[in-house]
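# Understanding the architecture of this molecule
Each chain, letter by letter, is given below.
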Amino acid sequence: MTRVHVVVVGGGFGGIAASRLLQDAGISFTFLDLRDAFHHNVAALRASVQPGFAERTFIPFSETFGESFVQGRVQKVDPENQAVVLEGGREVQYSHLIVCTGMIGAFPGRFVTEATMQSAVKAYGDLLEQVLAADSVLVVGGGASGVEMAAEVKTQYPHKKVVLIHSRVDLADPNMLPSVREQSKQVLLEKGVELILGEKVSNLSELQLNVFSRNSEVKTDKGQTLTSDLIISCTGLKVNSDAYASSFSGSLVEGGALKVNPHLQVEGFSNVFAVGDCTDIKEPKTAYNAMLHADIAVNNIKNILSGKELTSYQTGSLTMLLAMGPDDGVGQFNGWKLPRFLVTLGKSRNLLVWKSWRHMKQSQP
């Protein structure tokens, strides 16, 4: 195959960043995703509690990428014939491939089902109705998503009882500074969120999630029984490897992530790159890092085409901001703890929704 044509699989932050860079460089590409719209999932939790917010978190792909965008589920990658095979049998040939399939996890933090923009927005509207009906909300999981979810509910509806259960004693992302993690706990307590730490929900598989059910019984491994009208899970993130696992079985680590070299090439394949959460890079899985990866991958495709030396990706000090409702936040930038008011100004008020609309070269409605 002599024609240069890049295929990008996956429409998260890494996928749209790679596609926009290819578009700007004038390189022929096809961009594939299950949905017909980009989901700014940084704001997914607020979309679950604030009326009218969900519409702002989905941005149609076709308006940005035109015919370069194809909606469909990837069934497999055929590296021998350099083709991506979609459900239904359609094949898309590639000279270079960028895999950006991200993570899958529980709704509402993640929305990874095949859907139209309208049905996706409706799913968040349906959950909002359940939140409105509930007098009490229980959040399972105290990582970054769980902390933000509990804060969003309690800030929007301060009269509701909000409980967060976490199997560990420390909240938020383990890679964050201990002082920032402790600060996230203090903000939740200030807002009136009840914390049950060091206990695991033992009957999670029997519980109905995201559905109003008055006084549902939640049991913990320490023998405690609680009741709640609505249970939201923020646990169980895993690598979304379905599209490539069978094709790159020799290049996988445990859990399904792809082994990449410093140039972000998948081990054993010089023309296949991986970007974002599906890589085995030892760093927190953030939108910010996925977009940095995309820049390296696209630059290296250009370097390959022009015979230049490849660029290496360097992990840096952690940057992570947690929005604790629209009025508060905690976080760190390049390893330095930030004042709460700066996080509030920088992220919490609008959750950077405007940035994705601008990146997609569209006007926010």
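Preceding this paragraph is the structure being described.
These figures come from a predicted structure and were not determined experimentally. (Residues numbered from 1 in each chain as written. Predicted model: local features only at pLDDT ≥ 70, side-chain atom pairs only at ≥ 80, totals over all residues. Heavy atoms only, no water.)

## Quick word on the nonpolar core
The nonpolar side chains of a soluble globular protein tend to be buried with one another. The cut-off we apply is this: Residues belong to one nonpolar core when they are buried, are Ala, Val, Leu, Ile, Met, Phe, Trp, Tyr or Cys, and are joined through side-chain atoms within 4.5 Å. Classification of residues uses two cut-offs on accessible area relative to the type maximum, computed with a 1.4 Å probe and protein chains only: under 20% is buried, over 50% is exposed, and between them is partly exposed. Any pair of residues with heavy atoms lying within 4.5 Å of one another is described as a contacting pair.
Grouped together as the largest cluster of nonpolar side chains are 68 residues, with contacts concentrated most on Leu32, Leu97 and Ile98. In contact with Leu97, not counting residues within four places along its chain, are Val7, Val9, Val77, Val84, Phe248, Asn271, Val272 and Phe273. Membership of the second largest hydrophobic core comes to 31 residues, among which are Ala172, Leu188, Leu230 and Cys234.

## Observations regarding the sheet that holds strand S5 (residues 69-71)
Cut-off, in case you're wondering: Here, any two strands with at least 2 DSSP bridges between them count as paired. Numbering of helices and strands runs from the N terminus, with a helix taken as a DSSP run of H or I at least four residues long and a strand as a DSSP run of E at least two residues long. Lines fitted to C-alpha atoms define the axes, with helix axes restricted to the stretch in contact, and inter-axis angles between N-to-C directions lie between 0 and 180 degrees.
Spatially, 5 strands are ordered S5-S2-S1-S9-S18 in an open sheet, and the strand pairing comes out parallel. Every interior strand has two partners, whereas the edge strands, S5 and strand S18 (272-274), have only one. Here the average twist between neighbouring strands, direction ignored, is 20°. As defined by bridge partners, strand S1 (residues 6-9) adjoins strand S2 (residues 29-33) across 4 bridges and the pair is classed as parallel. Bridge pairing in S2 places Val6 opposite Phe29. Helix H1 (residues 13-25) contacts S1, S2 and strand S9 (96-99) of the sheet and is inclined by roughly 160° relative to S2. Strands S1, S9 and S18 of the sheet are contacted by helix H7 (residues 287-306), whose axis makes an angle of about 170° with S9.

## A word on empty space enclosed by the protein
Going by this rule: Site definitions follow a grid-based scheme: protein atoms alone, a 1 Å grid, a 1.4 Å probe that fits but cannot get out for cavities, and for pockets an open set with protein on both sides within 12 Å along at least five of seven lines, plus lining residues having an atom within 4 Å of a point. Grid points are joined across faces, edges and corners, and a volume is the space filled by probe spheres set on the points. Residues are grouped as follows: Ala, Val, Leu, Ile, Met, Phe, Trp, Tyr, Cys and Pro are nonpolar; Asp, Glu, Lys and Arg are charged; all remaining types, including Gly, are polar.
The full count for this structure, using the stated rule, is 2 cavities of 30 Å³ or more. Size it by volume and the largest cavity reaches roughly 40 Å³. For the largest cavity, the full set of lining residues is Ser136, Val137, Leu138, Lys161, Val163, Leu226, Thr227 and Ser228. Counting residues per element, the ones that place at least two in the lining of the largest cavity are strand S11 (136-140), strand S12 (161-166) and strand S15 (225-228). Of the residues that constitute the lining of the largest cavity, the class distribution is 4 nonpolar, 3 polar and 1 charged. Each pocket or cavity is described by its volume, and for the second largest cavity that value is around 30 Å³. Among the elements of the structure, helix H2 (44-47) and helix H5 (144-156) are those that each provide at least two residues to the lining of the second largest cavity. Across the lining of the second largest cavity, the residue classes tally to 4 nonpolar, no polar and 3 charged.

## A closer look at helix H8 (residues 340-348)
Note the following rule: The directions considered for the arc are those from the helix axis to the C-beta atoms.
Taken as a whole, H8 has its buried residues at Val343, Thr344, Lys347 and Ser348. Mapping the buried residues of H8 onto a view down its axis gives an arc of 105°, with all of them on the same face. Looking at the buried positions of H8, the neighbouring elements they touch are H2, H5, strand S19 (320-323) and strand S20 (329-333).

## Thoughts on the pattern of salt bridges
Our working rule: Here, a salt bridge means any side-chain nitrogen of Lys or Arg that lies within 4 Å of a carboxyl oxygen of Asp or Glu.
The final tally for this structure, using the stated rule, is 15 salt bridges. The salt bridge partner of Arg340 is Glu190, with a shortest N-O separation of 2.8 Å. With Arg340 in helix H8 and Glu190 in helix H6 (residues 178-191), this pair connects stretches of sequence that are 150 residues apart. A relative accessible area of 24% means that Arg340 is categorised as partly exposed. If you follow the salt bridges from partner to partner, you end up with Arg20, Asp24 and Lys361 in one network.

## Some remarks on the sheet that holds strand S7 (residues 83-86)
If you walk across this open sheet you meet the 3 strands as S6-S7-S8, and the pairing is antiparallel. With one partner strand each, in any of the chains shown, strand S6 (74-78) and strand S8 (91-93) form the two edges of the open sheet. With direction set aside, neighbouring strand axes in the sheet form an average angle of 20°. Here 4 bridges tie S6 to S7, and the two strands are oriented antiparallel to one another. Across the sheet, the residue bridging to Val77 is Val84, located in S7.

## Side note on the layout of surface pockets
Put simply, the second largest pocket is a space of about 170 Å³. Considering the residues around the second largest pocket, the lining is formed by 14 residues, among which Tyr288, Asn289, Thr315, Gly316 and Ser317 are closest to the centre. Across the lining of the second largest pocket, the residue classes tally to 5 nonpolar, 7 polar and 2 charged.

## A closer look at the state of the cysteines
Stated precisely, the cut-off is as follows: Disulfides are defined as cysteine sulfur pairs within 2.5 Å.
Overall, the coordinates contain 0 disulfides when judged by the stated rule. Take Cys100: it sits in no disulfide, and the sulfur closest to it among the cysteines is that of Cys278, at 6.5 Å.

## Section: the packing of aromatic side chains
For any pair of aromatic rings, the description rests on two quantities: the centre-to-centre distance and the angle between the ring planes. We apply this condition: Aromatic pairing here means that ring centres of Phe, Tyr or Trp (its six-membered ring) are within 6.5 Å. Orientation follows from the plane angle: under 30 degrees is stacked, over 60 is edge-to-face, and everything else is tilted. To sit over a ring, a charge needs its Lys NZ or Arg CZ within 6 Å of the ring centre and within 35 degrees of the ring normal.
Scanning the entire structure with this criterion turns up 12 aromatic pairs. Judged by centre distance (5.7 Å) and plane angle (50°), the ring pair of Phe31 and Phe69 falls under tilted. Of this pair, Phe31 sits in strand S2 while Phe69 sits in strand S5, and the two are 38 residues apart along the sequence. Like Phe31, the residue Phe69 is buried in the burial classification. On the basis of an interplanar angle of 55° and a centroid distance of 6.1 Å, the ring pair of Phe58 and Tyr124 is categorised as tilted. Of this pair, Phe58 sits in strand S4 (residues 58-60) while Tyr124 sits in helix H4 (residues 117-133), and the two are 66 residues apart along the sequence. Judged on exposure class, the residue Phe58 and its partner Tyr124 are both buried. Here the aromatic residues Phe29, Phe31, Phe61, Phe65 and Phe69 are joined through ring pairs into a cluster of three or more. The cationic tip of Arg46 hangs over the ring face of Phe53; the distance from NZ or CZ to the ring centre is 6.0 Å. One cation-aromatic arrangement involves Lys160 over Tyr157; the distance from NZ or CZ to the ring centre is 5.3 Å.

Note that every value here comes from positions in space, so none of it alone points to a role or purpose.
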